[in-house]
Amino acid sequence: MRRLSKKKALTLVRELDAFPKVPESYVESSASGGTVSLIAFSAMAVLAFLEFFVYRDTWMKYEYEVDKDFSSKLRINIDITVAMRCQYIGADVLDLAETMVASDGLKYEPVSFELAPQQKIWHMTLLHIQERLRVEHSLQDLIFKTAMKGSPPAKSKNMASSPSPTACRIHGHLYVNKVAGNFHITVGKSIPHPRGHAHLAALISHDSFNFSHRIDHLSFGEDIPGVISTLDGTEKVTTEPNHMFQYFITIVPTKLNTYKVVADMHQYSVTERERAINHAAGSHGISGIFMKYDISSLMVKVSEQHMPLWKFLVRLCGIIGGIFSTTGMLHSVMGYFVDVVCCRFQTGIYKPLKEHPVQMQHAKEQAAPPADPNLTQPMS
């Protein structure tokens, strides 16, 4: 009984076979089939190879949500060179609550405003990158992918220093409240004041004013090597002693999560404005560099995504199966048309008849010889 049940089970399984085996004696090989198979296998190999590169590649996913962290401090990373001596200028931050932030984290280094040959090459490269970023926004994804965790490379002292420094490099970082504020560089050192703050600039001649500047780096949040900010490489040169440069900055909190780095950074957009100070002409103000920033309430999450393995296998099976089925159908259709057009016309199946079939049969009967009557009479 058990053997019978096993045989029935095997018979049932065989009936459910969706891939029946065809004997080799019933299979006919042809040159056209071999050519189509070669083309199909080549297409499968090429597309599978390209699909593997797609599987290895990654892309950036952007998500938006409300920033709920307003209690933490915001770090400002600064590296600016001003064409004035360090003893004549001062830098500080005043936020919206009229709170002056101590600038102890900034360093004043006497340098030459003119760049060394190697620095000029890097500066021109940076300007070219900024120009391409404004046109091709997809390059920002590449910058995010190549960003690395760690401290940024220090600027070489022998290149930054000069025997006769006429400019001042202000670099370092500050921690401010996450509210709108104003970072500025103007004449004189800042001193505390009951109603805010002031700069002691009474003993400095107006003829020595020159707020031509170059922003080597300005970023907010963690300073990540490889990430280029919007104002990096900006250079402004003026011949007027009394000149005001204004930058209106909108900061967007950004959480970066890639396979190389996880960091809390801040992107920003900027609007620039500059004008000469001439009180006689009605252009009032204070000479200096003013960066007024505001923080957006939206936060951007940037994460690096990768195709899962199961999806790659499904796409690979789709490529192989699709090409195999498509080439098989095309080969069958083309073979059918070739047989119809070439083979059947050669055998004369579609040749037109010259005479009517009834007329041809009547002509055959008339052409037949008469029968002998002696042969047809019955024997007595």
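Not measured: the values here are computed from a predicted model.

Conventions and cut-offs
Residues numbered from 1 in each chain as written. Predicted model: local features only at pLDDT ≥ 70, side-chain atom pairs only at ≥ 80, totals over all residues. Heavy atoms only, no water. Salt bridge = Lys/Arg side-chain N within 4 Å of Asp/Glu carboxyl O. Helix = DSSP H or I, 4+ residues; strand = E, 2+ residues; numbered from the N terminus. Buried < 20%, exposed > 50% of the residue type's maximum accessible area, 1.4 Å probe, protein only. Disulfide = S-S within 2.5 Å. Phe/Tyr/Trp six-rings, centres within 6.5 Å; stacked < 30°, edge-to-face > 60°. Contact = heavy atoms within 4.5 Å. Polar contact = N/O pair within 3.5 Å; in protein donor to acceptor, adjacent residues only side chain to side chain. Core = buried A, V, L, I, M, F, W, Y, C linked by side-chain atoms within 4.5 Å. 1 Å grid on protein atoms, 1.4 Å probe; cavity = no way out; pocket = protein on both sides within 12 Å on 5 of 7 lines; lining within 4 Å. Points joined across faces, edges and corners; volume = space filled by probe spheres on them. Lys, Arg positive; Asp, Glu negative; His and termini not counted.

(A) Molecular detail of the pattern of salt bridges. A full pass over the atoms with the stated rule returns 11 salt bridges. Across the pair Lys301 and Glu65 runs a salt bridge whose closest N-O atoms are separated by 3.5 Å. Linking Lys301 in strand β15 (residues 298-306) with Glu65 in strand β1 (residues 58-66), this pair joins segments that are 236 residues apart in sequence. On the accessibility criterion, Lys301 (29% relative accessible area) is partly exposed. Lys236 is the salt-bridge partner of Glu272, the closest N and O atoms lying 2.8 Å from each other.

(B) Here's a closer look at the state of the cysteines. This model, assessed by the stated rule, comprises one disulfide. Paired through a disulfide, Cys86 and Cys168 show a sulfur-sulfur distance of 2.2 Å. Because the sign of the S-S torsion sets the handedness, a value of about 105 degrees for the bond joining Cys86 and Cys168 places this disulfide among the right-handed ones. Taken together, the residues span a long stretch of sequence, with Cys86 in the loop between β2 (73-82) and β3 (89-95) and Cys168 in strand β6 (residues 167-177) at a distance of 82 residues. The same class applies to Cys86 and to Cys168, which are both buried.

(C) Focus on the packing of aromatic side chains. The tally for this structure, following the rule as stated, stands at seven aromatic pairs. On the numbers, 4.9 Å between centres and 75 degrees between planes, the contact of Phe49 with Phe53 is edge-to-face. Placement of both Phe49 and Phe53 in helix α2 (residues 31-56) is noted, with a separation of four residues, approximately one turn of the helix. On the basis of relative accessibility, which here comes to 42%, the residue Phe53 falls in the partly exposed class. Note on Phe220 and Tyr293: the rings are 6.1 Å apart at their centroids and 50 degrees apart in plane angle, and the pair reads as tilted. One end of the pair, Phe220, is in strand β10 (residues 213-221); the other, Tyr293, is in strand β14 (residues 288-295), with 73 residues separating them in the sequence.

(D) Seen up close, the environment of Ser219. Relative to the helices and strands, Ser219 is located in strand β10. Look at Ser219 and you get buried, because its relative accessible area is 6%. Residues within four places of Ser219 in sequence aside, it is in contact with Arg75, Ile76, Asn77, Ser229 and Tyr268. At 2.9 Å, the side chain of Ser219 and the side chain of His217 are in polar contact.

(E) Examining the nonpolar core more closely. Ranked by size, the top nonpolar core spans 34 residues in total, and within it Phe183, Ile185, Leu218, Ile249 and Met291 carry the most contacts. If you list the elements that add at least two residues to this core, you get β2, β3, β6, β7 (181-187), β10, β12 (243-257) and β14. In terms of residue count, the dominant contributor to this core is β2 (five residues). Residue contacts for Ile249: discarding those within four places in its chain leaves Leu218, Phe220, Leu231, Tyr268, Ser269, Val270, Met291, Lys292, Tyr293 and Asp294.

(F) Molecular detail of the layout of surface pockets. Its volume calculated, the second largest pocket comes out at about 710 Å³. Gln140, Ile228, Thr230, Gln267 and Tyr268 are the residues nearest the centre of the second largest pocket, which is lined by 32 residues in total. Elements that contribute at least two residues to the lining of the second largest pocket include exactly β1, α3 (117-135), α4 (139-146), β10, β12, β13 (262-276) and β15.

(G) Layout of the environment of Gly321. By secondary structure assignment, the location of Gly321 is in helix α6 (residues 309-347). For Gly321, a relative accessible area of 31% gives the class partly exposed. When the C-alpha atoms of Gly321 and Met44 are compared, they prove to be 9.2 Å apart, with 277 residues separating the residues in sequence.

(H) Local environment of the side chain of Asp232. Here Asp232 lies in the loop between β10 and β11 (234-236). Of the side chains with opposite charge, Arg134 comes closest to the buried, unpaired Asp232, at an N-O distance of 10 Å. At 3.0 Å, the side chain of Asp232 and the backbone nitrogen of Ser229 are in polar contact. Beyond its immediate sequence surroundings of up to four residues, Asp232 is in contact with Leu126, Gln130, Ile215, Asp216, His217, Leu218 and Val227.

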